[in-house]
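For reference, the chains in residue letters:
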Amino acid sequence: MTAESARLKLHRMGWWLAPPRCPLCGRPVLPRQLCADCAPLLKRLELGQRPSPPEGVDRLYCGWRYRDPVQAAILRMKFGHRPALGENLVLALFSRQDFYTFAAEFDIIIPIPSTAKERRGRGYDVPRLLGRGIWAACGLPLAPADTLQKIRETRRQVDLDGEQRRANLRGAYGVQRAQLVEGKAVLLVDDVTTTGSTLTEAARALRQAGARYVGAVTLATA
Ligand SMILES: [Zn+2]
């Protein structure tokens, strides 16, 4: 058996063991595709729906509104141990020419740091998983995990209003490896943005460390 036919055989076996499924609803589909029901639901944000960047952030790209089916997919990714959903949503972003153009403006990817508690609960770090997906799709370097760090504990953001969220996060982030961000255009990555205060505070820390330009991408916006 040649290497090629062995690979083909393995590929077929893999298909049989784990047939490709729609990343959003789990129905069997052709590889790397959404099913016929989910594809039309995954509508991109139209002009006018796109949120303006929060304070301190130069540019913001949000893939979708935080509504089903995207909301359900993000919740399953975070709480249902389905990291592949995140990778699929990042791939869906890269099917858009304007996202390629946006990503090309940056020098380095820095995911919003998640807390040790969040990582323990999920078994993986969601923003980092998304950052790795962007690196894999376009080759933009991904900064080491300790580049941007949460330097003090904060309260859960969901229980707070806009003003409280900003106060809660002020000074929460610090940059550990300033040489990686100095003079650079930095792309922050997170799963969802609501008031934007997380992005604002992370951007503040990056600018203090010398970043020249700070943008952010999130899968969804509330
Ligand atoms: Zn589907």
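Thresholds, definitions, all that
Residues numbered from 1 in each chain as written. Predicted model: local features only at pLDDT ≥ 70, side-chain atom pairs only at ≥ 80, totals over all residues. Helix = DSSP H or I, 4+ residues; strand = E, 2+ residues; numbered from the N terminus. Rg over C-alpha atoms; globule rule 2.2 N^0.38 Å. Buried ≥ 20, exposed ≤ 12 C-beta atoms within 10 Å, placed from the backbone. Core = buried A, V, L, I, M, F, W, Y, C linked by C-beta atoms within 7 Å. Domains from an automatic or database assignment. Contact = placed C-beta atoms within 7 Å. Pairing = 2+ DSSP bridges. Axes fitted to C-alpha atoms, helices over the stretch in contact; angles between N-to-C directions. Parallel < 35°, antiparallel > 145°, perpendicular 65-115°, else oblique. Left-handed = near helix turned anticlockwise from the far one by under 90°. Nonpolar A, V, L, I, M, F, W, Y, C, P; charged D, E, K, R; others polar.

Caption draft 1: Molecular detail of the overall build of the protein chain. Per the secondary structure count, the protein chain includes 9 helices and 6 strands. Here the protein chain has a C-alpha radius of gyration of 19 Å; the compact-globule value for 222 residues is 17 Å, and the two agree. Each principal axis of the C-alpha distribution contributes one length, and for the protein chain these read about 60 × 35 × 35 Å. Counting the 222 residues in the protein chain, one finds 35% classified as buried.

Caption draft 2: Up close: the nonpolar core. In this structure, V186, L187, L188, V189, A202 and L206 are the most contacted members of the largest nonpolar core, which totals 50 residues. Counting residues domain by domain, this core receives three or more from each of domain 1 (1–41) and domain 2 (42–221). In contact with V186, other than residues within four places in its own chain, are F106, I108, I110, V181, L206, A211 and V214.

Caption draft 3: Molecular detail of the sheet that holds strand β2 (residues 108–111). What the 4 strands build is an open sheet, ordered β1-β6-β5-β2; its pairing is parallel. One side of each edge strand has no neighbouring strand; the edge strands of this open sheet are β1 (59–65) and β2. Geometrically, the sheet is characterised by an average inter-axis angle of 20° between neighbouring strands, direction not taken into account. Pairing between β1 and strand β6 (residues 213–221): 6 bridges, direction parallel. Residue pairing across strands places R65 opposite T221, the latter belonging to β6. Helix-sheet contacts for helix α9 (residues 197–208) involve β5 (185–193) and β6, and the interaxial angle to β5 is about 160°.

Caption draft 4: Broad picture of the packing of helix α3 (residues 83–93) against helix α6 (residues 126–138). Viewed as axis vectors pointing N to C, α3 and α6 meet at an angle of 45°, and their least axial separation amounts to 9 Å. As judged from the angle between their axes, α3 and α6 are oblique. In the packing of α3 onto α6, the handedness of the crossing is right-handed. Residue-level inspection shows P83, G86, E87, V90 and L91 of α3 in contact with α6, the latter providing V126, L129, L130, G133, I134 and A137. Grouping the amino acids of the contact of α3 with α6 by side-chain chemistry returns 8 nonpolar, 2 polar and 1 charged.

Caption draft 5: Fine view of the domain arrangement of the protein chain. In terms of domains, the protein chain is made up of domain 1 (1–41) and domain 2 (42–221). Computed from C-alpha atoms alone, the centre-to-centre distance between domain 1 and domain 2 is 29 Å. Counting residues at the interface gives 6 residues for domain 1, matched by 7 residues for domain 2.

Caption draft 6: Seen up close, unusual backbone geometry. At the junction of D68 and P69, the peptide bond is cis and its omega measures out at 5° in the coordinates. Relative to the assigned elements, P69 resides in the loop between β1 and α2 (70–79). The phi dihedral of H81 is positive, around 55°, even though this residue is not glycine. Along the chain, the position of H81 falls in the loop between α2 and α3.

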